[in-house]
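Overview (structure and organization)
Listed below, chain by chain, are the residues.
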Amino acid sequence: MLLSLVQSQWVFLLFFLYFCGIVADILEGTRLKPPPPNIIFILADDLGWNDVSFHGSDQIPTPNIDGLADRGIVLNNYYVTPICSPSRSALLTGKLPIHTGMQVDVIYGNQPYGLGLSEKLVSQHLNDIGYVSHIVGKWHQGFFRKEYTPTYRGFCSHFGYYCGHQDYYTHTAEEAPELVGFDMRRNTTLAWDTVGSYSTKLFTDEAVRIIERHDRTKPLFLFLSHLAVHAGNSYDPIQAPASYVDKFRYIENERRRKFAGVVAYLDESVANVTLALASNGMLDNSIIVFTTDNGGAAGGFNNNAASNWPLKGTKDTLWEGGVRGSAFVWSRLLRRSSVISTQLMSIEDWLPTLYSAAGRPLYCFFWSLTFSIHASFQEETFPIWDRESTESICGTFLAPIRLLLVPKFFTI
């Protein structure tokens, strides 16, 4: 009886919010809207809090990442999950992993499960409003049946790998001593021609090609899901070209020195993608998000050499070092820039944030999301990004309701 009453109250609230969203859009009138922005989402793997210099690290300079962070919004109170697959499921669905069955562990190569096919992913949400979606790099959401792979989940193309990591040059994935196999694909076809080429370069080059070939009459969603800085296979876990490692001779620890080379190549990748957007006239109407999927693999975890200082803990722990992520958002569409935000945000908040940034009425998305999680709605709250702001899309008394539903960063 009590449960039924609670559920009926939530249903009433949903109807009310849905109605308010419609009224707000009517009041907004026929205002001419700019074209939807391109969304470039760059996901680093296992990057630690102290592995980027915009957090004050004086050991590994990341000038290109820092340049965007300095002119964007640094997310200083931003949280992820402790390991890869759960974080990626939260990012893709806008839901906490406990609601999708992805909360237990990472997906290993021999495990017959994946992110449920009933889940609608960010790529599919954005495709519905005119976007063209591509993914480059790591998937890690299951591949035991083809329907679970990226090109069946809303992405027009996928160049990358299905498992959790790979050798940076041979592209073999060592899931266990007896479980090793080649894992690099173009869509669903094995890409044997990539053997010998460095993964970060391959993924960067593919991202640049996608940008260069993109039809600019349609908005682009590019999910660049790097291998870097995750460790490779156990026989050679930290791999970077010698020319990049040699830049850090002042780092005495050999493993940390190699790791710095991996980070430096990642930093260069961010620069090349940004330059490609500029060269193709897409940068002014683009949003670039940079984030890690979980805390850094510090203290030898996975044979890696990340640093989360001054945070306690490492990847796969619930300490801050495992769940507090390095992240920022950059765009010339930002209402404010060169800001360090201390507002609370979590990785599952990106989906509604980006959907709203695309200029779409959020009540449509909010409606489908809340009904797909049923009685668990109360746990899926969206943060209020600017609690002191009275600015709204429509400038009416409905503004606080709209602000409650989605983080509002952008001028769209």
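Above this note sits the structure.
Here is a short report on the structure shown in this document. (Residues numbered from 1 in each chain as written. Predicted model: local features only at pLDDT ≥ 70, side-chain atom pairs only at ≥ 80, totals over all residues. Heavy atoms only, no water.)

**Here's the deal with the packing of aromatic side chains**
Going by this rule: For Phe, Tyr and Trp, rings pair up if their centres lie within 6.5 Å, where Trp contributes its six-membered ring, and each pair is then called stacked (planes under 30 degrees apart), edge-to-face (over 60) or tilted (otherwise). Every helix listed is a DSSP run of H or I at least four residues long, and every strand listed is a run of E at least two residues long, numbered separately from the N terminus. Exposure categories follow from relative accessible area, calculated using a 1.4 Å probe and restricted to protein chains: below 20% of the type maximum is buried, above 50% is exposed, and the middle band is partly exposed.
In total, this model carries 17 aromatic pairs according to the counting rule given. With a centroid separation of 5.3 Å and an interplanar angle of 45°, the aromatic rings of Y169 and Y198 are classed as tilted. Of this pair, Y169 sits in the loop between strand 5 (157-161) and strand 6 (172-176) while Y198 sits in the loop between strand 9 (189-190) and helix 5 (199-213); the two residues are 29 residues apart in sequence, bridging distant segments of the chain. A relative accessible area of 26% places Y169 in the partly exposed class. Centroid distance F182 to W192: 4.1 Å. Interplanar angle 10°. Geometry classified as stacked. Pair noted here: F182 is in strand 7 (residues 179-182) and W192 is in the loop between strand 9 and helix 5, with a separation of 10 residues, a long-range link. The class of W192 is exposed, set by a relative accessible area of 54%.

**Section: the sheet that holds strand 13 (residues 339-341)**
The criterion, for reference: At least two bridges found by DSSP between two strands is the condition for calling them paired. By definition in these notes, contact holds between two residues if any of their heavy atoms fall within 4.5 Å. With axes taken as lines fitted to C-alpha atoms, and helix axes fitted only over the stretch in contact, angles between N-to-C directions fall between 0 and 180 degrees.
Strand order in the open sheet formed by 10 strands is 9-8-5-4-10-1-11-12-2-13, and the pairing between neighbours is mixed. Edge positions in the sheet fall to strand 9 and strand 13, since each of these pairs with one other strand and no more. Its contacts with the sheet put helix 7 (residues 254-279) on strand 1 (38-44), strand 10 (220-225) and strand 11 (286-292), and the angle it makes with strand 11 is roughly 170°. On the sheet, helix 9 (residues 350-357) packs against strand 1, strand 2 (73-75), strand 11 and strand 12 (327-331) and is oriented at approximately 170° with respect to strand 11.

**Notes on the nonpolar core**
Buried together is how nonpolar side chains tend to be arranged in soluble globular proteins. To keep it simple, the criterion reads: To qualify as a nonpolar core, a set must consist of buried Ala, Val, Leu, Ile, Met, Phe, Trp, Tyr and Cys residues joined through side-chain atoms within 4.5 Å.
If you look at the biggest cluster of nonpolar residues, it comprises 56 residues, and the most contacted ones within it are F290 and F328. Ranked by residue count, the leading element in this core is helix 7, at 11 residues. Ignoring any residue separated from it by four or fewer positions in sequence, one finds F290 in contact with I42, A44, L47, I65, L266, V270, S326, A327 and F328. Counting residues in each nonpolar core, the second largest holds 38 residues, with L91, L115, I135 and F221 among its members.

**Focus: the layout of surface pockets**
Counted only if it meets this: Cavities and pockets were defined on a 1 Å grid built over protein atoms only: a cavity is a set of grid points that admits a 1.4 Å probe from which the probe cannot escape, a pocket is an open set flanked by protein on both sides within 12 Å along at least five of seven lines, and lining residues are those with an atom within 4 Å of any such point. Grid points are joined across faces, edges and corners, and a volume is the space filled by probe spheres set on the points. In this classification, the charged set is Asp, Glu, Lys and Arg, the nonpolar set is Ala, Val, Leu, Ile, Met, Phe, Trp, Tyr, Cys and Pro, and all remaining amino acids, among them Gly, are polar.
Its volume calculated, the largest pocket comes out at about 420 Å³. Considering the residues around the largest pocket, the lining is formed by 22 residues, among which Y108, H165, H230, N302 and K315 are closest to the centre. Counted by class, the lining of the largest pocket contains 8 nonpolar, 9 polar and 5 charged residues.

**Comments concerning the packing of helix 2 (residues 63-70) against helix 7**
The criterion, for reference: An angle below 35 degrees is treated as roughly parallel, one above 145 as roughly antiparallel, one from 65 to 115 as roughly perpendicular, and anything else as oblique.
Here helix 2 crosses helix 7 at 55°, and the two axes come no closer than 7 Å. In terms of their interaxial angle, helix 2 and helix 7 are classed as oblique. Only D267, E268, V270, A271 and T274 of helix 7 make contact with helix 2, whose side of the interface consists of P63, N64, I65 and L68. Each residue belonging to the contact of helix 2 with helix 7 can be placed in one class, and the counts come to 5 nonpolar, 2 polar and 2 charged.

**Remarks on the side chain of D183**
Of note, D183 is situated in the loop between strand 7 and strand 8 (185-186). By relative accessible area, which is 3% here, D183 ends up buried. The contacts of D183, once residues within four sequence positions are left out, are G160, Y161, Y162, C163, Q166, H171, T172 and A173.

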